[in-house]
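The residues making up each chain are set out below.
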Amino acid sequence: MIPYTVNIKLAARTLTGTLNLQNKTAVDWGWQGLIAQGCHSSILIIDPKTAQTIQVLEKHKANVVKVKWSRENYYHNLSSPYCLRLASGDASGKIIVWDVVSGTAHCEIQEHSKPIQDLEWLWNQDASRDLLLAIHPPNYIVLWNGDTGTKLWKKSYAENILSFSFDPFDPSNMALLTSEGIVFITDFSHNKPPGSSGKKVYIASPHASPAHTKPAPAATPAPTGAKKALNKVKVLITNEKPTAEVVTLNDCLQLSYLPSKRNHMLLLYPREILILDLELSQTVGVVAIERSGVPFMQVIPCAQRDALYCLHENGCITLRVCRSPSATEEAAEQSVQELMYDLRSQCDAIRVTKTVRPYQMVVCPVNENNAALMVSDGRVMLWELKAHAGKSATYSSAGLSPLYSPVSFCGATLGPSQKRIPDLCLNSMIGQTLIAGEAPPFSSNQQEVQLKLLLTGLLSGLPLPPFAIRMCPPLTTKNINHYQPLLAVGTSNGSVLVYNLTSGLLFKELSVHTCEVRGIEWVSLTSFLSFATSSPNNMGLVRNELQYVDLPTGRCFAFRGERGNDEPPIEMIKVSHLKQYLVVVFRDKPLELWDIRTGTLLREMAKNFPTVTALEWSPSHNLKSLKKKQMAAREAMARQTVSDPEQSSVESSVISLLQDAESKSETSQAISAREHFVFTDTDGQVYHITVEGNTVKDGARIPPDGSMGSIACIAWKGDTLVLGDVDGNLNFWDLKARLSRGIPTHRGWVKKIRFAPGKGNQKLLVMYTDGAEVWDTKEVQMVSSTRMGRTMNYRILDIDWCTSDKVVLASDDGCIRVLEMAMKSASYRMDEQDLTDPVWCPYLLLPRAALTLKAFLLLQPWSGTFTMDITQVDYSEKEEIKVMKKLILCFLEVIQHVALLNHRLFGDESDLQFWTVASHYLQSFAQARQLSVSTADGQTQIEATQTPQNHLDICHDILCESTYFQKFQLDRVHLQEVKRSSYEHTKKCADQLLLLGQTDRAVQLLLETSADNPSYYCDSLKACLVTTITSSGPSQSTIKLVATNMIANGKLAEGVQLLCLIDKAADACRYLQTYGAWTRAAWLAKVRLNPAESSDVLKRWAEHLCSPQVNQKSKAILVLLSLGCFYRVGEMLHSMRQFDRAALFVEACLKYGVMEANDSSNILFAAFLDYARLLRSLGLREGAALWASRAGSAGEQLMEELFQGEGGVTAEEEPERGSKE
């Protein structure tokens, strides 16, 4: 059994409570796997896996309104390690960038004094990861360097900006949500502020546009609620400012781009979500709530699947997944009408009251299958999405098509043996949304799945202030074996919360009283007395409740029995030092003296007893002398009884046992020690009273000190007695020397004074209405002070010592803080904390240790076995890593699987993206290669190529396979066609169709132009041209000439269209690239060109991305992966000094046979060699030896270096040695 150790050093920490309304938007779930949440002026860092708060950051003076984790989409090594960086903005306009592990601020930024509206870290280029974009109200956008706090540029706009959203596919596009509509910016860059003021788009409120509702034909049944909403939303977006009647205030709650599909945006209204296609500025889908439904508050679109997490006003989280079009003809007609999002899962709602309402939801960005809900009372509810195999009754009853699990996992097709759906992330739980006209992939091992949201964690905060707090009795040498640092917190609703301060977690919550708890006094380490008073009636009398609570059993009873109804309120209760007696002081009634051990009333003082203003028990008592007398008497008795020598041996042992038992029960019923207390009356006279057994004696009286006002409190320890009065004077009495010193503090009423625990520790904590001070009573001087408005922005409600050098303060912002004696509110270092559950977060380790761990987890497949036991590794810094032994992974035997799982574990955004794309294309190219090798007969080849039914998710956009990409684009144009409502829209659709090569449909659209339209003639001619184009030489050359002239004269789009008509799309791409339209060229190449031409275009694009002025090498690598240029990718990774990624990638290529060992030996050896060096620098010698042995001649040299210190140990013996340790 583990010996129970007591942690005597408590960490400074903050227990937080309810949130402020301004904290509503201040929450973020980072790639690092942690949630940051603003609570008043502090920021909580929560670990969602174990549901515990692991850090509280305090430096803001105002309420925190925004928090943002920095992105992790860069390559991690020793110079740019895994680190926890967080930006937070408050209501006074200050932004702080934090280093979360140490709890310190990197830099502080201040521009204006209004609340920050929005924050975002820029992620779009490889060079700098420190750029932070902020909205400073009312209408400024500022780009900051988040590392140094310098301002790079600032831009103002005409309207008030509410929030912004970046296009995840093209970082130069961004949309601002303003008070009047949306502003689209297309030229965003970090080098200079946007040149134009953006394209303004006004939103007419969906309910206030009667002009657009189409009269329904009489034959059709009346439309349902959702259909009605759809008709209303036909045209919502106009470029001219709407008239005053139409536009109600812009009640759009949120705007964000869809990360799963390019050029789609989502607008959230209380009763509907609109999906817009930005190429048309047209609504293509609506999620409407029925009339009786609960309105939306927030929506988070997913990237891995076309799905939406929605938060409703009753705290219910729903998951809606985009519907796949059904296979039947008649239904297919319907389904093309718009994008439908079906409700697939929902969680339970919370009980919403005046003080309890949902604030915000966040979703895990790595796996997208966890959501957290913040509630205004400080609760955090952690929900997890689980997939269950099996047919769902609820789906079929709602008329929904079944959901299927994915065909493949990490690019590898699932084997029939793998029945379990890995609940790793959203895209390994549900399959892709199909495209119209595509048959669903049938495979024997694909299962129907049902989704459920389960509550997996709950954090609760403190209730609303006011609080009464009291720390349990201090640690002594006698109780060290079973001591727990418990803090009792009495609340306004009558319950008492007991917190364990080692972990900061709630130990017990006891419902003790029916009204506000006024005070608590502990009577042992596991029991306490608490009192509460109800509100007074018209005679000024109240109901007093004094309860005795036993913690281990939770039993509580009324200590004063039947007494307590209709009497003056209790002012205070005081327990004597030996916990024998209790004094209860009332406002206008003489005090009562009780015996705690028997629960009996010893004395109710007479009517003429003076009114008590302050009272304290004396620490001196006669217990020791009584004990001595008792022991002497015992021994005398023992001597008399034991006269017979034979019996003596037996009896003496019995007697010694008896004595032990007696000495252990210090306050056994037999002994009643004498104790004293002093109190002052309204004139300031000090009385001294002695209690022994049930006799009460009146002692000496000391006349009042002229310099003191009415005494408010007394504290007594050792030979020092301190009095505090209502005018802020402190009077220190030295009882031994019979001296007194009065010191005016000029801080008003002294509310409370308490001596620190510990022998000879004469520190004193003093509480005033506006703050607190610590005094040293030996020297009679102040040690530290805190004052509201100066060093803190909250009011102190109650104080206590929690150890001999730490104080605990309860404040009116609903928090309880454990602080050092200096009382500076400070964040703590995370690694000093004593957490109950181990936290898996590599970001908390030292940079070197985190990288070692990652290398260790990646290395394993080549040593033949996979182990999670880190202690076996020959590694010098073992201690930091031991924490990680609790890691368990369902391990799969493929290299990239390890890589992928590992990066999910680390939340490493760039690695995750790289390996997702790499594993997919390695698989598909390997398959294609096998087919070309194995099949000579053409017929079988066709069949074979149709089997792999998996493509890269559309959220990777241009990286997808061309065939899939084309289908997706056609599907999208069909949808746009159905939705078009003006000539502008029709023209755009026709242009797209021409580029996609759908000439017949394009001609139909061109001929729809009405005769009174100015471009009627032009469109008609264009229709004729499209239909009559033949492949005769002269017409082709003429059209080509016209097209090149058009392009030269600035009509790029028109020229490109003409070139596409005569099948010169490759030239069109070249022109687009020349004129800088790189993404458009890539799009056209994907949809129109054959693989060879298309890969030329994309390779040129990759080169452009690598150029120093663009500096997006990481994106270029992904493009090259999709083309199968694995050799080039390996070289680039190596040249970018990403040695581990390069080595593992080359290894994977060899394993899949898409790279030959002989033709690529130079890059192969270089990658392996540098990876071996990297591992050596991390201290993983076994791994280094393994990779060096495969790196040719240079590797042999490294091997010699590795083992030269061993005194000629051969390479074979080395791993043995490592594993024995």
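Refer to the structure presented above.
The following refers to the structure shown. In this text the structure is predicted, and so the values were computed from the model without any measurement. (Residues numbered from 1 in each chain as written. Predicted model: local features only at pLDDT ≥ 70, side-chain atom pairs only at ≥ 80, totals over all residues. Heavy atoms only, no water.)

**Notes on the state of the cysteines**
Put simply, the rule is: A pair of sulfur atoms, both from cysteines and within 2.5 Å, is called a disulfide here.
A full pass over the atoms with the stated rule returns 0 disulfides. Of all cysteine sulfurs, the one in C316 lies closest to C347, which takes part in no disulfide; the gap is 4.8 Å.

**A short note on unusual backbone geometry**
Across the chain, the bulk of peptide bonds are trans and the bulk of non-glycine residues have phi less than zero. Going by this rule: Numbering of helices and strands runs from the N terminus, with a helix taken as a DSSP run of H or I at least four residues long and a strand as a DSSP run of E at least two residues long. Only protein chains enter the accessibility calculation, which uses a 1.4 Å probe. A residue is then buried if its area is under 20% of the maximum for its type, exposed if over 50%, and partly exposed in between.
With omega at 0°, the peptide bond leading from P137 into P138 counts as cis. Along the chain, P138 falls in the loop between β11 (131-136) and β12 (140-145). With an omega dihedral of 10°, the bond running from P465 to P466 counts as a cis peptide bond. As for its placement among the helices and strands, P466 is situated in the loop between β33 (448-459) and β34 (468-471). In this model, A51 sits at a positive phi of 50°, which is unusual for a non-glycine residue. You can call A51 buried: its relative accessible area is 18%. If you check the backbone angles, R738 has positive phi at about 55° while not being a glycine. Residue placement: R738 occurs in the loop between β52 (729-734) and β53 (739-744).

**A closer look at the packing of helix α12 (residues 983-996) against helix α16 (residues 1052-1061)**
Filter applied, for reference: Angles shown run from 0 to 180 degrees and are taken between the N-to-C directions of axes, each axis being a line fitted to C-alpha atoms and, for helices, limited to the stretch in contact. Geometric relationships in this document are graded by angle, where less than 35 degrees denotes roughly parallel, more than 145 denotes roughly antiparallel, 65 to 115 denotes roughly perpendicular, and other angles denote oblique. Two helices that cross are described as forming a left-handed crossing if the nearer one is turned anticlockwise from the farther one by less than a right angle, and a right-handed crossing if clockwise. The contact definition used throughout considers only heavy atoms, calling two residues in contact when any of these lie within 4.5 Å. By the convention adopted, Pro, Cys, Tyr, Trp, Phe, Met, Ile, Leu, Val and Ala count as nonpolar, Lys, Arg, Asp and Glu as charged, and the other residues, Gly among them, as polar.
Between α12 and α16, whose axes approach to 8 Å, the crossing angle comes to 40°. Put simply, α12 runs oblique to α16. Where α12 crosses over α16, the two elements pack in a sense that is left-handed. Only V1056, Q1057, C1060 and L1061 of α16 make contact with α12, whose side of the interface consists of D991, L994 and L995. Tallied by class, the residues present in the contact of α12 with α16 amount to 5 nonpolar, 1 polar and 1 charged.

**Notes on the sheet that holds strand β43 (residues 581-586)**
The cut-off we apply is this: Following DSSP output, two strands are said to pair if at least two bridges run between them.
In space, the 4 strands of this open sheet follow the order β42-β43-β44-β45, with antiparallel pairing throughout. Two strands in the sheet have a free side with no partner beyond their single neighbour: β42 (570-575) and β45 (600-604). For this sheet, the mean inter-axis angle between neighbouring strands, taken without regard to orientation, is 20°. Two elements, β43 and strand β44 (residues 592-595), share 4 bridges in a ladder whose sense is antiparallel. Looking across to β44, one finds that V584 is bridged to E592.

**A look at the pairing of strand β49 (residues 695-702)**
Examined bridge by bridge, strand β48 (residues 686-692) and β49 share 6 bridges and lie antiparallel to one another. Its bridge partner lying in β49, V686 is registered against I702. Linking two consecutive strands that pair antiparallel, namely β48 and β49, is a turn of 2 residues; a positive phi of about 60° is found at G693 within it.

**Some thoughts on the pattern of salt bridges**
Side chains carrying opposite charge are able to pair once their charged atoms draw close together. Note the threshold: Any Lys or Arg side-chain nitrogen located within 4 Å of an Asp or Glu carboxyl oxygen qualifies as a salt bridge.
Per the stated rule, a full pass over the model turns up 36 salt bridges. Measuring nitrogen to oxygen at the nearest pair gives 3.9 Å for the salt bridge that ties R795 to D812. A residue pair is termed long-range when its members are at least 10 positions apart, and R795 in the loop between β57 (781-787) and β58 (796-803) and D812 in the loop between β59 (806-811) and β60 (816-820) qualify at 17 residues. Here R795 falls in the partly exposed class, since its relative accessible area comes to 38%. On the basis of relative accessible area, D812 is assigned to the partly exposed category, the value being 33%. Residue E820 pairs with K806 through a salt bridge whose shortest N-O separation is 3.6 Å. Taken together, the positions of E820 in strand β60 and K806 in strand β59 put the pair 14 residues apart, joining distant regions of the chain. Sharing partners across several salt bridges, the network here consists of R560, R563, E567, K589, E592 and E604.

**A few points about the side chain of E58**
So the rule is basically this: A 3.5 Å cut-off defines polar contacts: any pair of N or O atoms within that distance qualifies, except that in protein one atom must be a possible hydrogen donor and the other a possible acceptor, and neighbouring residues in sequence count only when both atoms are side-chain atoms.
By the secondary structure assignment, E58 is in strand β5 (residues 52-58). Since its relative accessible area comes to 9%, E58 is described here as buried. Only 2.8 Å separates the side chain of E58 from the side chain of T14, close enough to count as a polar contact. A distance of 3.2 Å separates the side chain of E58 from the side chain of R817, its partner in a polar contact.

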